[in-house]
Amino acid sequence: MLHFERWKILAILATVLVGFLFALPNFLTKEQLAGLPGFMPKRQMPYGLDLQGGAHLLLAIDSEDVRKDWLVATQDQARRALREAKIGFSGIGVQGKSLQVTLVKAEDSDKALTELRKLAQQVGNPLLGASGADLDIQKTSETQFSITPTDIGFNERLKHALDASIETINRRVNALGTAESTVVRQGYDRILVQFPGLSDTKVLKDLIGKTAKLTFHSVHPTMAPEEAEATRAPLGYKIFESDEKPDEPGYQAKYLLGENAVVPGEALTNAQPAFDQRTNESVISFTFNNSGARAFGKYTQENVGRRFAIVLDDKVISAPVIREPILGGSGQISGSFTTESANNLAIQLRSGALPAKLTIVEERTVGPSLGADSVAAGTTAGLVGLGATAVLTTMAYGTFGIYAVIGLAVHAILILALMSAIGTTLTLPGIAGFVLTIAMAVDANVLIYERIREELRAGKTAIAAIDSGFQRAIVTILDSQLTTLAAALIMFWLGSGPIRGFAVTLSLGIVTSIFAAVTITRLLAAMWLSNAKSKSRTLQVPI
């Protein structure tokens, strides 16, 4: 137990050296980091919002928007199902919180009910006692049916919309070049966004506050939007507002467009800011996937000489004339874009559309002065705790207490190195976890040394007592530390934000504290024994 082969000693020393190199950048300035050799690690631990300051947004998802989109999608599915079943209908439309279907013939009602009920899907978990269909489909008269989302179905749809929104916001925020942002679910229908180091929430709001839903629609070839407003829009067409500038060629305030997109926004695979080579204006170049490229190419082939509309968030941003077929699956969007607005819109398009509108519930910026005070207080607490622990441990256990302090220093270096290497953001709860692991690391040494004292009192020799002390204490150390590690992993799994920060630091601290107590302290004790045996035949353990 106390014998270390040469390769093991070299491996332990190499681990400590690598840990020191990874922890070193946290104690250097940016200028000093720049002067380090290229092979040296230069990654510093980033500060969280509570230490560095930054932007804080609390967003609420529009549940009615989720319901409306669901009903519109169900409307298309119902229309398609009835057509495939060759059942005539005179109207399918959204009324309030349900979808109303009207048939032409009453004798088709039973067949229509069978087809419409195929639209319902089972949701929920039967094991938890919460399951059922997502749609309630009822026959309200001989020729009319009502399709209404159920509570369990709507809650499931809202949960999916919230998860999709979080994923989309994450992609948009990370595109700004930071990995320290926080985007987490909070409560039933809210999303918390924190961006350390950003002093103005306007940039964040502009980036994530839009749905950025880009679609391509056909323009009605003969009817003007004013005529459709005065009478009634033809079946399958809808009036869209224009977002064009009045001085642009071919400007219209409104457009009568096909309700269903020729190419949906999901077919967009890439969008990048660029410059028009002829006008040198900022534009956005886009690329479709294979299915989108085929659909767009077919449509432009069949409609040369006609206009089509590019719609962003239900507003027409451009309605050019198709001069020739566009078969390459790519193109560009022009408009009154600045370089910054083109870049932001490209980010939004690349990250995908938000499934529903988001409303800002809370907005604030946190100043860095709080962070400076918190870092200073946390540093002071850590140094005071480390110093007091070192003094008391040395007083209680003498030379072996000094070995414990050395192991404690290695533990602190390694935990800093691991947090820096994996990019953990340092927060106030993280500092608390770091200070807590210092006490836990000392606790492991106390268990070992007290066990050695018991073995010495039982009459064992110094070598036997030290060897038995480490062997018998390790079981207790692993049991207590692994139990704490399990609790930390559960906190990381179920928690969010500050709780996760605390759990990460605590988990890393448990691993490094076991390494420091079981490996570093044992190596130092073995080296003391080897040196003491060469000087004297009788050994007196300095503990």
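Residues numbered from 1 in each chain as written. Predicted model: local features only at pLDDT ≥ 70, side-chain atom pairs only at ≥ 80, totals over all residues. Heavy atoms only, no water.

(A) Region of the structure containing the packing of helix 12 (residues 428–457) against helix 13 (residues 462–494). Two elements in contact, helix 12 and helix 13, have axes separated by 7 Å at closest approach and are oriented at 145°. Considering how the two elements wind past one another, helix 12 and helix 13 form a crossing that is right-handed. Taking contact as the criterion, the partners of Met440, Ala444, Leu447, Ile448, Arg451, Ile452, Glu455 and Leu456 in helix 12 are, on helix 13, Ala462, Ala465, Ile466, Ser468, Gly469, Phe470, Arg472, Ala473, Thr476, Ile477, Gln481 and Thr484. In the contact of helix 12 with helix 13, the residues fall into twelve nonpolar, five polar and three charged. (Axes fitted to C-alpha atoms, helices over the stretch in contact; angles between N-to-C directions. Helix = DSSP H or I, 4+ residues; strand = E, 2+ residues; numbered from the N terminus. Left-handed = near helix turned anticlockwise from the far one by under 90°. Contact = heavy atoms within 4.5 Å. Nonpolar A, V, L, I, M, F, W, Y, C, P; charged D, E, K, R; others polar.)

(B) Spatial organisation of the pairing of strand 6 (residues 135–139). With five bridges joining them, strand 6 and strand 7 (residues 144–149) adopt antiparallel strand pairing. Of the residues in strand 7, the one forming a bridge with Leu135 is Pro149. The hairpin turn running from strand 6 into strand 7, its antiparallel successor, is four residues long. (Pairing = 2+ DSSP bridges.)

(C) Main features of the pattern of salt bridges. With the rule as written, the count across this model stands at eleven salt bridges. The partner of Glu450 in a salt bridge is Arg453, and the shortest N-O contact between them spans 3.3 Å. Pair noted here: Glu450 and Arg453 are both in helix 12, with a separation of three residues, about one helical turn. Residue class for Arg453 comes out partly exposed when judged on its relative accessible area of 22%. The shortest N-O distance in the salt bridge between Glu454 and Arg451 comes to 3.3 Å. In this pair, Glu454 and Arg451 both sit in helix 12, three residues apart, roughly one turn of the helix. (Salt bridge = Lys/Arg side-chain N within 4 Å of Asp/Glu carboxyl O. Buried < 20%, exposed > 50% of the residue type's maximum accessible area, 1.4 Å probe, protein only.)

(D) Structural detail: unusual backbone geometry. Positive phi, close to 55°, is recorded for Lys86, a residue that is not glycine. Residue position: Lys86 is located in the loop between helix 4 (63–84) and strand 2 (89–95).

(E) Representation of the nonpolar core in the model. Membership of the largest hydrophobic core comes to 41 residues, with the highest contact counts inside it found for Leu82, Ile169, Ile191, Val193, Leu204 and Ile208. Considering each element in turn, this core owes the most residues, seven residues, to helix 6 (residues 151–174). The next biggest cluster of nonpolar side chains, apart from the first, holds 26 residues, and it includes Tyr403, Ala465, Ile477 and Ile520. (Core = buried A, V, L, I, M, F, W, Y, C linked by side-chain atoms within 4.5 Å.)

(F) Looking closely at a nonpolar patch on the surface. On the surface, Val391, Leu392 and Met395 cluster together to form a nonpolar patch covering roughly 350 Å² of accessible area. Within the secondary structure, Val391 is located in helix 11 (residues 368–421). (Patch = residues over 30% accessible without salt bridge, like charges linked within 9 Å, V, L, I, M, F, W, Y side chains within 5 Å. Areas by Shrake-Rupley, 256 points an atom, 1.4 Å probe, with all protein chains shown as cover.)

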